[in-house]
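The primary structure of each chain is shown beneath.
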Amino acid sequence: MTPENPALPLRERKKLRTRQALIDTALELFGERGFDRVTLDQLCEAVEVSKRTFFRAFSSKEDVAAAPTQDLWTAFLEVLENRPPQGRPLVSLYEEVLAEAIDRMPSEGWAERALASRRLAALTPSMDAHGLAFCERVSREAVAVTERRFTLDAAEEGVAALRARLALDMMLSAFHQALAAWVAQPSGHTREDLTRRLRAACAELPGALAATAEPRGEQAAD
């Protein structure tokens, strides 16, 4: 949901506007001065909110800086929770869920914020560590949702969760490659292009699983 959603109560819209102001200001200040050179007090002062208000929305500086992509994965879990069963391969299911989650991100500004966040993370080790911990939490929850909502054709106890996690990890690997390429491109940073790159990377997964490591010509000759 966005602050402009008229279906939300006024108090909720105000909370969302404050949250968005914190994200936008944090990314601007961190980008200009560097993550470690901006204190939480300075950020709160720039947005004219108290630290208490900040901690109602975020747990840390890393949390607010990573918010654009964290919002994406929150949407991923919401879509997965409500996705109708369709009897399709898990990797494809996760790909479709993530594509829908990307489409749910705000059309105005989300791509720019996500780009700024990922570029900042590349320069900030604490953000990378924060992101890994967040990704692990999301992965565990996604597997739990999958086990609760879908029947997997596992032959023995424990295999269903393993298969779900492996399928999810494969899709995540494809997404990380797509995201890295999206961030690195000189222009065209849109939600649609990120989805296109996700689709292209996921399309390579069957080939990657089937690829055989053959010796090069000179090694074979020896």
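Whatever comes next refers back to the structure up there.
Calculation rules
- Residues numbered from 1 in each chain as written.
- Predicted model: local features only at pLDDT ≥ 70, side-chain atom pairs only at ≥ 80, totals over all residues.
- Heavy atoms only, no water.
- Helix = DSSP H or I, 4+ residues; strand = E, 2+ residues; numbered from the N terminus.
- Buried < 20%, exposed > 50% of the residue type's maximum accessible area, 1.4 Å probe, protein only.
- Contact = heavy atoms within 4.5 Å.
- Areas by Shrake-Rupley, 256 points an atom, 1.4 Å probe, with all protein chains shown as cover.
- Lys, Arg positive; Asp, Glu negative; His and termini not counted.
- Charge placed at Lys NZ, Arg CZ, Asp CG, Glu CD.
- Core = buried A, V, L, I, M, F, W, Y, C linked by side-chain atoms within 4.5 Å.
- 1 Å grid on protein atoms, 1.4 Å probe; cavity = no way out; pocket = protein on both sides within 12 Å on 5 of 7 lines; lining within 4 Å.
- Points joined across faces, edges and corners; volume = space filled by probe spheres on them.
- Nonpolar A, V, L, I, M, F, W, Y, C, P; charged D, E, K, R; others polar.
- Salt bridge = Lys/Arg side-chain N within 4 Å of Asp/Glu carboxyl O.
- Arc of directions from axis to C-beta.

What follows covers the overall build of the protein. Scanning the protein for helices and strands turns up 12 helices and 0 strands. Starting at the N terminus and walking to the C terminus, you meet the elements of the protein as α-α-α-α-α-α-α-α-α-α-α-α. If one aligns the C-alpha atoms of the protein with their principal axes, the spans along those axes are about 65 × 45 × 30 Å. By the burial criterion, 41% of the 222 residues in the protein qualify as buried. Put simply, of all contacts in the protein between residues at least 6 apart along the chain, 65% involve residues at least 24 apart. About 13000 Å² of surface is accessible on the protein, with carbon and sulfur atoms providing 51% of the total. A gap of 7 Å separates the mean positions of the 29 positive and 34 negative side-chain charges of the protein.

In this section: the nonpolar core. Among soluble globular proteins, nonpolar side chains are generally buried collectively. Trp73, Phe76, Leu80, Tyr94, Leu98, Met171 and Phe175 are the most contacted members of the largest nonpolar core, which has 40 residues in total. When contributions to this core are tallied by element, the ones reaching two or more residues are α5 (67–82), α6 (90–104), α7 (110–121), α8 (125–149), α9 (159–184) and α10 (191–203). The dominant element in this core, judged by the number of residues it contributes, is α9, at 10 residues. Excluding its chain neighbours within four sequence positions, the residues that come into contact with Phe175 are Leu72, Trp73, Leu98, Ile102, Leu194 and Leu198.

A few words on the layout of surface pockets. Counted as a void, the second largest pocket has a volume near 500 Å³. At the level of elements, α5, α7, α8 and α9 are the ones that each hand at least two residues to the lining of the second largest pocket. Grouping the amino acids of the lining of the second largest pocket by side-chain chemistry returns 12 nonpolar, 5 polar and 2 charged.

Moving on, we get to the pattern of salt bridges. Under the defined criterion, the tally for this structure stands at 15 salt bridges. A salt bridge links Glu12 to Lys15; the nearest nitrogen and oxygen atoms lie 3.7 Å apart. You can see Glu12 and its partner Lys15 sitting in helix α1 (residues 10–33), 3 residues apart, about one turn around the helix. Between Lys51 and Asp41 there is a salt bridge, with the nearest N and O atoms lying 3.6 Å from each other. Highlighted residues: Lys51 in helix α3 (residues 51–57) and Asp41 in helix α2 (residues 40–47), separated in sequence by 10 residues.

Right, let's get into α2. When α2 is considered as a whole, its buried residues turn out to be Leu40, Leu43, Cys44 and Val47. Looking straight down α2, one finds its buried side chains confined to an arc of 95°; they lie on one side. Lining the buried residues of α2 we find α1, α3 and α4 (61–65). Positive backbone phi, approximately 65°, marks Glu48, located one or two places after α2.

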